[in-house]
Amino acid sequence: MNAVPVTILLIEDDPGHARLIEKNVRRAGVTNEIRHFADGTTALAHLFGRGEVSKSDPVLVLLDLNLPDMSGTDILARIKEDAMLRRTPVIVLTTTDDRQEVQRCYDLGCNVYITKPVEYDSFTAAIRQLGLFLTVMQVPESG
Amino acid sequence: MGAVVLGAVVCASLWLSIRLVRDLQQAARSQEIRAQTIELLEQVTSAETGQRGFLLTGKDSYLQSFRRAKQALPRMTAAIGPELADDPDFRPLRAAIEDKLGELERTIELAKAGRHDEALAIVQSDFGERRMQDVRTLVARIAERERGVLVHDIAASGRGAAFVAAVDAVAFVLLVLLAGVIANGARRSVRQLRRAQEAQQLAYTELAAGRERLEQTVQARTAELRRANEEIQRFAYIVSHDLRAPLLNIIGFTSELKNATGRLHEFVELNLAREGGELPAEVREACEADLPEAIRFIEASTAKMDRLIRAILQLSREGRRVLVPERLDMATLLDGIADTVRHQAAESGAELVIGRTPPLVSDRWAMEQIFSNLLENAIKYLNPSRPGRISIDGVREGTLVVYSVRDNGRGIAGRDLERIFELFRRAGPQDVPGEGIGLAHVRALARRLGGTIECSSELGVGSCFSLRLPAVPGPMENVPG
């Protein structure tokens, strides 16, 4: 296990969705810090504004594609273009299951793509599995 | 009109020419008669000369000219006789000639017989001399008369010729006039023709310009429609997408509420069981009936709403799908679709028959969507009281191919025939699950393929859906992007 705890960055404009995701992640037993950003600008400011040292702190991004100020795919592209951040796991969470969009996210380097199904049970199941996945995941040292 | 006048003039000229020829022939004849009459005189004179010579010399050689004349004269008078039958001097002339010849003959006979004196006495009687004089006078008069006739005929023919010339001149003038009129008419019709051509040219130009404008208008409208269509598609996509986000919250938190309620209820029941006592009736009702009921309704409604939004999203996505026309082997295509529903059909005891399958050029996916929707509907709405029978049959109608899907199911009321193609609308008893999306989808696809779909039906008897598509389609309405 990695000594440095992974911080989860939740980029999600809908507070309800954010809350539901957080609740279900917690229910899965994940205790890592979760930082919530309601728009792309502040999320990017946080990701790129950190000093070079802390930029290497392991983070995991839970990314919604429909943000008020920019498209989630733009954020995904920015992360995957950056030499330091490109190894950061990105889990895309969106209401869309549009094949083209899914494919585009994978092309950009997204690690996991989860649609937010309206059948709530399957959604919570997916989030809990994700939580289990997070508890055993080792974020690789960057650089 | 000109031609009639010209024809009359030509006829007149011809007639005059014939008359002219006749006049000239008469003149020639008169000339001939005159010459022959004068010839008579010469013969008589010749005969007398012969007689005189014989009487003086007694030589027989002088009689030769007499004999020739005596032989020729009756023939000659006979020849001109019919011509001069009307001439008052001809008969006396013939008599005088005969008398003269008789006198000459007699003197010659007497001289031959040696009776010179008697012959001489006859000559001296001056009878012969007088008859000779008569012949000269009569010949001169006949010749004079014939000359008059000749002169008259020549004058007449001269006039006739002048007349013919005049008529011909008139004809020439008329001809020239007619030619002028014709030329003028021709020139005018050429001018009119040219004007008509110019007018036609102008009309063509205007028509082309009109067509151009129309074309531009059509293009502009088409572009507008395409933009509007794109906008609707995008709108539908955004709406459905954005509606789903709050819906997800309602569903999510309802689920939380349900779980929390359940936990609370469990806790209360547990406490009551442990500590005894009774829950007030209204609290019990709230826990056991009101809350679960409210939650059930919210869940049912959100589930329904989710299905509708998903349907709109699907329609919008399929509306943006690029259609690619290809030549379709309809028999294979329909067999494939029939296989996917045959299980359902067999379960409800229905028979599925595929008839004629004329090929067509269209989008494979769209055709599969259309026919599987129609077949699924046909099976879904069969009449359970009789064995189902579903048939597909295609026929070529000019440039169209018409496919009919016919069933003997429960049928559709007349007032619902259009409604069933509307989104979220259904007809008849709502005893089978469905969202009212299939036929809206089918109609949208048929339109995009350049065709139509219509339904005819009789309630309780069966329905027939007719899909009309161009055998070879024009450009498909593809929304770019």
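Residues numbered from 1 in each chain as written. Chains lettered and ligands numbered in written order. Predicted model: local features only at pLDDT ≥ 70, side-chain atom pairs only at ≥ 80, totals over all residues. Heavy atoms only, no water.

## Quick notes on the overall build of chain A
Selection rule: Strands here mean DSSP runs of E at least two residues long; helices mean DSSP runs of H or I at least four residues long; both are numbered from the N terminus. For every residue, the accessible area obtained with a 1.4 Å probe (protein chains only) is divided by the maximum for its type, and the residue is called buried under 20%, exposed over 50%, and partly exposed between those limits. Every residue pair with non-hydrogen atoms within 4.5 Å of one another is taken to be in contact. Here the Shrake-Rupley method, with its probe set to 1.4 Å, supplies the accessible areas, and only the displayed protein chains count as covering residues.
Within chain A, the regular secondary structure consists of 6 helices and 5 strands. Looking at the 143 residues of chain A, the share that counts as buried comes to 50%. Sequence-distant contacts in chain A: of pairs separated by 6 or more residues, those separated by 24 or more amount to 70%. Surface summary for chain A: the accessible area is close to 6700 Å², and the carbon and sulfur share equals 50%.

## Overview of the interface of chain A and chain B
Put simply, the rule is: In this description, buried area is defined as the sum, over both parts, of the accessible area (probe of 1.4 Å) that is lost when the two are combined. Put simply, a salt bridge is a Lys or Arg side-chain nitrogen that is within 4 Å of an Asp or Glu carboxyl oxygen. Polar contacts here mean pairs of N or O atoms no more than 3.5 Å apart (in protein, one a potential hydrogen donor and the other a potential acceptor; neighbouring residues in sequence count only if both atoms are side-chain atoms). Any residue that is not Ala, Val, Leu, Ile, Met, Phe, Trp, Tyr, Cys, Pro, Asp, Glu, Lys or Arg is counted as polar, Gly included; the first ten are nonpolar and the last four charged.
Counting from both sides, the interface comprises 19 residues of chain A and, opposite them, 15 residues of chain B. Between chain A and chain B, the buried area comes to about 1600 Å², and carbon and sulfur atoms account for 51% of it. If you look at where chain A meets chain B, you find 2 salt bridges. For B:Glu256, the salt bridge goes to A:Lys23, with nearest N and O atoms at 3.3 Å. Summed over the shared surface of chain A and chain B, the number is 5 residue pairs in polar contact (both at pLDDT 80 or more). Of all the elements in the fold, those that place two or more residues in the side of chain A that touches chain B are helix H1 (15-27) and helix H6 (120-136) of chain A. No other element matches H1(A), which puts 6 residues into the side of chain A that touches chain B. For the side of chain A that touches chain B, the per-class residue count stands at 4 nonpolar, 5 polar and 10 charged.

## Description of the pairing of strand S4 (residues 389-397) of chain B
Residue and element names in this part refer to chain B. Using the following cut-off: If DSSP finds at least two bridges between two strands, the strands pair.
In terms of strand pairing, strand S2 (residues 351-354) meets S4 through 4 bridges, oriented parallel. Note on S4: the bridge partner recorded for Glu351 is Arg389. Count of turn residues in the S4/strand S5 (residues 400-407) antiparallel hairpin: 2 residues, of which Gly398 carries a positive phi of about 65°.

## Here we look at a nonpolar patch on the surface
Residues and elements named next belong to chain B. Selection rule: Residues enter patches when their relative accessible area tops 30% and they take part in no salt bridge; the joining distance is 9 Å for like charges and 5 Å for the nonpolar side chains Val, Leu, Ile, Met, Phe, Trp and Tyr.
On the surface, a nonpolar cluster with roughly 390 Å² of combined accessible area is contributed by Phe172, Val173, Val176 and Leu177. Structurally, Val176 can be placed in helix H5 (residues 127-275). For Val176, a relative accessible area of 45% puts it in the partly exposed group.

## Notes on the confidence of the model for chain B
Rules: One confidence number per residue, pLDDT, is output by the predictor and ranges from 0 to 100.
Residues of chain B with pLDDT of at least 70 account for 98%, and the chain-wide mean is 86. For this predicted complex, the interface confidence reaches an ipTM of 0.75, while the overall pTM sits at 0.51.

## Focus on the environment of B:Asp89
Residue and element names in this part refer to chain B. As for its placement among the helices and strands, Asp89 is situated in the loop between helix H2 (63-80) and helix H3 (90-112). Using a relative accessible area of 4% as the deciding quantity, one classes Asp89 as buried. Sequence spacing of Asp89 and Thr137 is 48 residues, and the spatial spacing of their C-alpha atoms is 9.5 Å. Among all residues touching Asp89, those that are not within four sequence positions of it are Leu138, Arg141, Ile142 and Arg145. Reaching out from Asp89, the side chain makes a polar contact with the side chain of Arg141 at a distance of 2.7 Å.

## Re the sheet that holds strand S7 (residues 462-470) of chain B
Across a sheet, strands are paired by hydrogen bonds formed along the backbone, either parallel or antiparallel in direction. Residues and elements named next belong to chain B. Which entries qualify depends on this criterion: Note on method: axes are straight lines fitted to C-alpha atoms, helices fitted across the in-contact stretch only, with angles between N-to-C directions ranging 0 to 180 degrees.
Spatially, the 5 strands line up as an open sheet ordered S2-S4-S5-S7-S6, and their pairing is mixed. The open sheet has two edge strands with one neighbour each: S2 and strand S6 (452-458). Each adjacent strand pair in this sheet contributes to an overall mean axis angle of 15°, direction not counted. In terms of strand pairing, S5 meets S7 through 8 bridges, oriented antiparallel. The partner of Tyr403 across the bridge, within S7, is Leu467. Relative to the sheet, helix H7 (residues 330-347) contacts S2, S4 and S5, its axis offset from that of S2 by approximately 175°.

## A closer look at the packing of aromatic side chains
Applicable threshold: Stacked, tilted and edge-to-face are the three classes applied to pairs of Phe, Tyr and Trp rings, where Trp contributes its six-membered ring and a pair requires centres within 6.5 Å; stacked means planes under 30 degrees apart, edge-to-face means over 60, and tilted covers the rest. Either the NZ atom of lysine or the CZ atom of arginine qualifies as a charge over a ring when it sits within 6 Å of the ring centre and within 35 degrees of the ring normal.
Inspection of every chain in the model, using the stated rule, returns 2 aromatic pairs over all chains. On the numbers, 5.6 Å between centres and 80° between planes, the contact of B:Phe371 with B:Tyr403 is edge-to-face. Within this pair, whereas B:Phe371 is found in helix H8 (residues 364-380), its partner B:Tyr403 is found in strand S5, the two being separated by 32 residues in sequence. Just as B:Phe371 is buried, B:Tyr403 falls in that class too. When the ring of B:Phe421 is compared with that of B:Phe465, the centres are 6.2 Å apart and the planes differ by 80°; the resulting orientation is edge-to-face. Taken together, the residues B:Phe421 in the loop between S5 and helix H9 (438-448) and B:Phe465 in strand S7 connect sequence positions 44 residues apart. The residue whose ring lies beneath A:Arg78 is A:Phe48, and the NZ or CZ to ring-centre distance is 4.8 Å.

## A closer look at the pairing of strand S2 (residues 34-37) of chain A
All names here are of chain A. Which entries qualify depends on this criterion: Note on handedness: a clockwise path from strand one over the helix to strand two, with the strands aimed away from the viewer, defines a right-handed crossover.
The pairing of strand S1 (residues 7-11) with S2 spans 4 bridges and is parallel. Bridge pairing in S2 links Ile8 to Ile34. Traced from S1 through H1 to S2, the parallel crossover comes out right-handed.

## A short note on the side chain of B:Thr107
Residue and element names in this part refer to chain B. Topologically, Thr107 is positioned in helix H3. What makes Thr107 buried here is its relative accessible area of 0%. At a separation of 2.8 Å, a polar atom in the side chain of Thr107 contacts the side chain of Gln51. Within the structure, the side chain of Thr107 is placed 2.7 Å from the backbone oxygen of Leu104, a separation counted as a polar contact.

## Quick look at a negative patch on the surface
The following threshold applies: Under this rule, positive means Lys or Arg and negative means Asp or Glu; His and the chain ends count for nothing. To locate a charge, the coordinates of NZ of Lys, CZ of Arg, CG of Asp or CD of Glu are taken.
Side chains of B:Glu282, B:Glu285, B:Asp290 and B:Glu293 sit close together on the surface and give a patch of like negative charge. Following the sequence through the fold, B:Asp290 ends up in helix H6 (residues 281-319).

## Regarding the pattern of salt bridges
Residue and element names in this part refer to chain B. Applying the stated criterion across every chain yields a total of 27 salt bridges over all chains. Note that Arg145 and Asp89 form a salt bridge whose closest N and O atoms lie 2.7 Å from each other. Taken together, the positions of Arg145 in helix H5 and Asp89 in the loop between H2 and H3 put the pair 56 residues apart, joining distant regions of the chain. Via salt bridges that share partners, Glu48, Arg52, Lys100 and Glu103 belong to a single interconnected network.

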